[in-house]
Amino acid sequence: MGSSAVSSAVDYNDLQGLVRFGYKSMKEASYVLIRIRDAEKARAWLGSAPVTTAVEMNPPPSTALQVAFTAAGLEALGIPRSVIAGFSAEFVGGMTEDSRTRRLGDVNSNSPSEWAWGTGNRLPHLVAMFFAEPGLLHGFIQSTKGASWDQAFEELRTLTTENLDGVEPFGFADGISQPGIDWNEQRDHKAAQVTYTNVAALGEFLLGYRNEYNKYTDRPLLDADADSAGLLPAQDAPEKKDLGRNGTYMVMRDLRQDVRAFWQFIDRQSGGNVEEREKLGAALVGRTRAGDPLVPVLGPKNEFTFERDQGGARCPFGAHVHRANPRNADYPLHPTGLARLLTIIGFGPREFRDDLMSPVRFHRVLRRGREYGPELLPTDALEPGPDDEPSRGLHFICLNANISRQFEFLQNAWMMNTKFSGLSGESDPLLGDRESVPGCPATDGFTIPVDGGLPRRLSGVPQFVTVRGGAYFFLPSIRALHYFVKAGSSGPQ
Amino acid sequence: MNPQSSFMVLAPIIPERESALRDLLATMNVAPGRVNADNTLIPFSRCETLHFARFVILDDNTLEDVAAYGLAKQTYPLYLAFLGDVDGEGDHFLEEIGRLAENGLREIFSCCEGVSPDTDLIQWMKSYRAPAVASYVNWQGRTVGRVREEAALRNLLGDYLQDHATELTGRTPREIQATLKRFVNNETASGRIRLTAEDSTPLDWRLRDLLHLVGVPLLFILASPLIIVAAPLFVTRLRNQERTDPELCERVDDQWSDQLASLEDHDVTNQFTAMGSLKPGFVRLCTTILVLSLVDYAARHVFTRGRLARIRTIHFARWVFLDGRRRMVFFSNYDGTVESYMDDFINKTGFGLNAVFTNGIGYPRTSWLVLGGCEDERKYKDFLRRHTLPTQVWYKAYPGLTAIDLERNGRIRKGLESSSMSDKDLREWAALL
């Protein structure tokens, strides 16, 4: 390890644990969305809140608390606007800004005007995320909130979660694909990536470190003063204090899943054949329900690429996991030497689907979401639902250092895009809103390539997922949290 | 082949008419960023050879950047640019639209200098044309008519395949091709669909193209003794400047970027207009001209089939000098969001992007013209956003179709008309259906 690696080693004491852990053993969780009622009391609560760090403990803790703020929340806390303006434009502008909703596909039935939370006076100032081992959650929340909670905060909504044992509501194993983090910054970011790797630069997930471009992402750099004294210096500007360092942006979306519509559509398309049903479900998702990829793996369930499946006959181009992570590298076909030079200047492979996509290493996110609603098995989902059908879905959470290049790009260019990978007239089979776009009246298709024949084309795929809420948060470091507590009280009231 | 070309009318706006002009241009849209293709001023939809068009007021926000070189801010006229990409010659198109929309054009250009009620408008537009230093066409010879015919073909085949899915399942690609050929022949015979054969290439265009193909390298060879002598000094000066040139990449204010964003993402394709001042001095001017000549040459003779180096999302693009080559404007029509467009450039042709734009004041620092620069993603994106202009009116002849769609539709048609495809080619062709 070189000297540069030592100087950038991450202080896990300063990180909220969610960046490093999914808290899988804490099977219970609640996300409390809150607005600040009394800034002074809110700061006092935050100042003494037992926020869990990323330090590995033995035995591991049985409960955890994480806190994250929206831009409105930082303002309500009393943080100067000039400081907030240093955060990225997406965070400051918020998820529901007009043009952004168009890019994210949050229009029509997904429109913020239909949301349960995330807009207007239902935009949370902060979210307190409580995690606990079975049986401990209620007590943990009560004791953590303490006596001053109700004076400090107004609870907007409590998002409860359900432990479905690693399976998402449609019934597929979830959370298998996660990027590895280059914690010790050992990878050479300057070198081109000729083969796909699952490990991404620390700066893609944590502010204040070098990202895949070997550069730094937007975050506030402050002048040294009494308030900022506790913050770490910026790596790229040592005279400045880095408010973002060891923090990151957190995207939260409430995605309601219509499990019955999903399995009933697949069942109709499969003519009631159980085996066909499983196969078609796997084709839409890109994995079997057990989580096995549809292309041969090189080792564990997540070690594969789509290279040996050029025609998409094993895993359709439009399958959810293909859209979410095309597993490509910087160039098609691993060119080296002269071949790479030729590829760079435009004389690489020229087949229809060659080189269509941006290299995935610039578009990874860490997923930390949890499911909600009672389990519904596929066979039960074929029955009509009761009148008081409980809602099911995913509290989608992802962490990334650059919301526009990571989450928003993924959502826009790969998930909702009706033109992904040379396709036309279809968006993500799970997330797509099936709304027509100008010149393309139908976007409710799904194409399943067939080796040596005509592709099978489904049409009339219903909308299975509806967005019910969402916001962009900043998940601060412990030092930044202390800064907020301090700077809020010294700022103009 | 009927080759594409571009036109651009560039005229100074009479200062007191600027706000009237803005109001007038706004009437051509149903909403900001969404043109009414049948608007009464210029009914674009009736122009059968027009791919893309736009009206943009070249209101440069970065005129003060020259101060970084100790130069005083210049006062330039505020221009209105009317530009587009057409099949055939630009002058022919101006004649056609001059007849088709004379009143509308007259109303718009009456806000510009030099137009009075008795001006011959077509002549006036021709005399105010501003040529491109470099321009790019995604697919030479693909006319608007062909785009539409091939899109209609694809839709027709899509419906047919949907209706006959069961009987076609399990058939070989060769059998499928034969079946579809019969079907399309019937449809063509009954006039339900038209597939026009490719036009012959105009002789004068071919001659000019050949002259350009040979002439530019020849000029270069002729000039090479001079270039070899001047090169060491030139390179030293350039390298020196690269190390000291100021970077002007501060973040744009949110209101500005919101305004730009409000005009974007209404179609699968977007417009892009950016302008700025060139770095002062002879060395930079020479570099700009050299690099853009190279880009133009490559776009004209090498990258003529769907790819600008590795980039497959640009329909048309061009660079134009303004005001005695002191300023430059870049126009393009690309698929996807501006964010993915910028990522595409950085990740796929950073070298070319650097070589061109590093000659603009404030660009993130490059070394050896092609390295560095846009690799500083944050600075590059802020630089570009700073220089982006809102486009007042933007028209695209085929909404909903990306450049990749056009390529696929072309491949489908080609395969349908071919009688000599290998089994492998036929399999790939069938997969596109």
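Criteria and cut-off values
- Residues numbered from 1 in each chain as written.
- Chains lettered and ligands numbered in written order.
- Predicted model: local features only at pLDDT ≥ 70, side-chain atom pairs only at ≥ 80, totals over all residues.
- Helix = DSSP H or I, 4+ residues; strand = E, 2+ residues; numbered from the N terminus.
- Rg over C-alpha atoms; globule rule 2.2 N^0.38 Å.
- Buried ≥ 20, exposed ≤ 12 C-beta atoms within 10 Å, placed from the backbone.
- pLDDT = per-residue confidence, 0-100.
- Contact = placed C-beta atoms within 7 Å.
- Nonpolar A, V, L, I, M, F, W, Y, C, P; charged D, E, K, R; others polar.
- Axes fitted to C-alpha atoms, helices over the stretch in contact; angles between N-to-C directions.
- Left-handed = near helix turned anticlockwise from the far one by under 90°.
- Core = buried A, V, L, I, M, F, W, Y, C linked by C-beta atoms within 7 Å.
- Pairing = 2+ DSSP bridges.

### Some details on the overall build of chain B
Part 1: For chain B, the count of helices and strands is 14 helices and twelve strands.
Part 2: Here the C-alpha radius of gyration of chain B, 24 Å, is about what a compact globule of 433 residues would show, namely 22 Å.
Part 3: For chain B, the spread of C-alpha atoms along the three principal axes comes to 75 × 55 × 45 Å.
Part 4: Relative to its full complement of 433 residues, chain B shows a buried share of 43%.

### Considering the confidence of the model for chain B
Part 1: Averaged over all residues, the pLDDT of chain B equals 95, while 100% of them reach at least 70.
Part 2: Confidence estimates for the predicted assembly give a pTM of 0.96 and an ipTM of 0.95.

### A word on the interface of chain B and chain A
Part 1: On the chain A side, the residues contacting the 48 residues of chain B number 43 residues.
Part 2: Within the residue set of the side of chain B that touches chain A, elements represented by two or more residues are α5 (144-163), α7 (173-189), α9 (254-262), α11 (338-357), α12 (377-387), α13 (403-417) and α14 (423-432) of chain B.
Part 3: Sort the elements by how many residues they give to the side of chain B that touches chain A and α11 of chain B lands first, with six residues.
Part 4: Looking at the side of chain B that touches chain A residue by residue, the classes come out as 17 nonpolar, eleven polar and 20 charged.

### A look at the confidence of the model for chain A
Part 1: A residue-level look at chain A finds 98% of positions with pLDDT of 70 or above and a mean pLDDT of 93.
Part 2: For residues 1-8 of chain A, every residue scores under 50 in pLDDT, and the model assigns this stretch eight contacts once sequence neighbours within four places are set aside.

### So, the packing of helix α8 (residues 203-244) of chain B against helix α10 (residues 282-301) of chain B
All names here are of chain B.
Part 1: Put simply, α8 and α10 touch, their axes get as near as 11 Å, and they point 145 degrees apart. Between α8 and α10 the crossing geometry is left-handed. Seen from α8, the contacting residues are H212, L213, V216, F234, R237, L238 and Q241; seen from α10, they are V283, T287, S293, Y297, R300 and H301.
Part 2: Class assignment of the residues belonging to the contact of α8 with α10 gives a composition of six nonpolar, five polar and two charged.

### Structural notes on unusual backbone geometry
Backbone phi values are negative for most residues with the exception of glycine, while trans is the configuration of most peptide bonds.
Part 1: Between N58 of chain A and the following residue, P59 of chain A, the backbone shows a cis peptide bond with an omega angle of 0 degrees.
Part 2: Counting through the fold element by element, P59 of chain A comes out in the loop between α2 (39-48) and β2 (63-69).
Part 3: A positive phi angle, near 65 degrees, is found at L333 of chain A, a position not held by glycine.
Part 4: As for its position among the elements, L333 of chain A is in the loop between α11 (320-324) and α12 (337-344).
Part 5: For L333 of chain A, a count of 14 C-beta atoms within 10 Å corresponds to the partly exposed category.
Part 6: Backbone geometry at W368 of chain B places phi at a positive 55 degrees, although glycine is not the residue there.
Part 7: Tracing the backbone shows W368 of chain B in the loop between β10 (366-367) and β11 (371-372).

### Things to note about the nonpolar core
Part 1: Ranked by size, the top nonpolar core spans 116 residues in total, and within it A68, V127, F130, M250, V251, F473 and F484 of chain A carry the most contacts.
Part 2: Sequence-distant contacts of M250 of chain A, that is, excluding residues within four places in its chain, are made with A68, I397, L399, F473 and L475 of chain A.
Part 3: Residues C249, A274, L353 and Y395 of chain B belong to the second largest nonpolar core, which totals 91 residues.

### Here we look at the environment of L384 of chain B
All names here are of chain B.
Part 1: With respect to the secondary-structure elements, L384 resides in helix α12.
Part 2: Sequence separation between L384 and L401 is 17 residues; the distance between their C-alpha atoms is 26 Å.
Part 3: Those residues within four positions of L384 in sequence are excluded, and the remaining contacts are A274 and M342.

### A word on the sheet that holds strand β7 (residues 269-277) of chain B
All names here are of chain B.
Part 1: The four strands lie next to each other as β6-β8-β9-β7, forming an open sheet whose pairing is antiparallel. Only two strands of the sheet have a single partner each, and these edge strands are β6 (134-137) and β7. Across the sheet, the mean angle from the axis of one strand to that of its neighbour is 10 degrees, orientation sign disregarded.
Part 2: In this structure, strand β8 (residues 314-322) lies alongside strand β9 (residues 327-335), joined through eight bridges in antiparallel fashion. Looking across to β9, one finds that V320 is bridged to V329.

### Here we look at the sheet that holds strand β4 (residues 50-58) of chain B
Residues and elements named next belong to chain B.
Part 1: Strand order in this open sheet of four strands is β1-β5-β4-β12, and the pairing throughout is antiparallel. The open sheet is flanked by β1 (4-12) and β12 (393-396), the only strands paired with a single partner. Along the sheet, successive strands turn relative to each other by an average axial angle of 10 degrees, direction set aside.
Part 2: Note that β4 and strand β5 (residues 79-87) share eight bridges and pair antiparallel. Within the sheet, the bridge partner assigned to F55 lies in β5 and is F82.
Part 3: The strands touched by helix α2 (residues 90-100) within the sheet are β1, β4 and β5, with β1 carrying the most contacts at an inclination of about 60 degrees.

### A short note on helix α9 (residues 259-269) of chain A
Residue and element names in this part refer to chain A.
Part 1: Residues of α9 that are buried include every one of V259, F262, W263, F265, I266, D267 and Q269, and no others.
Part 2: On its buried side, α9 packs onto β10 (248-257), α10 (274-285), α13 (378-381) and β15 (456-458).
Part 3: Where α9 terminates, the next one or two residues include G271, which has phi positive at roughly 60 degrees.

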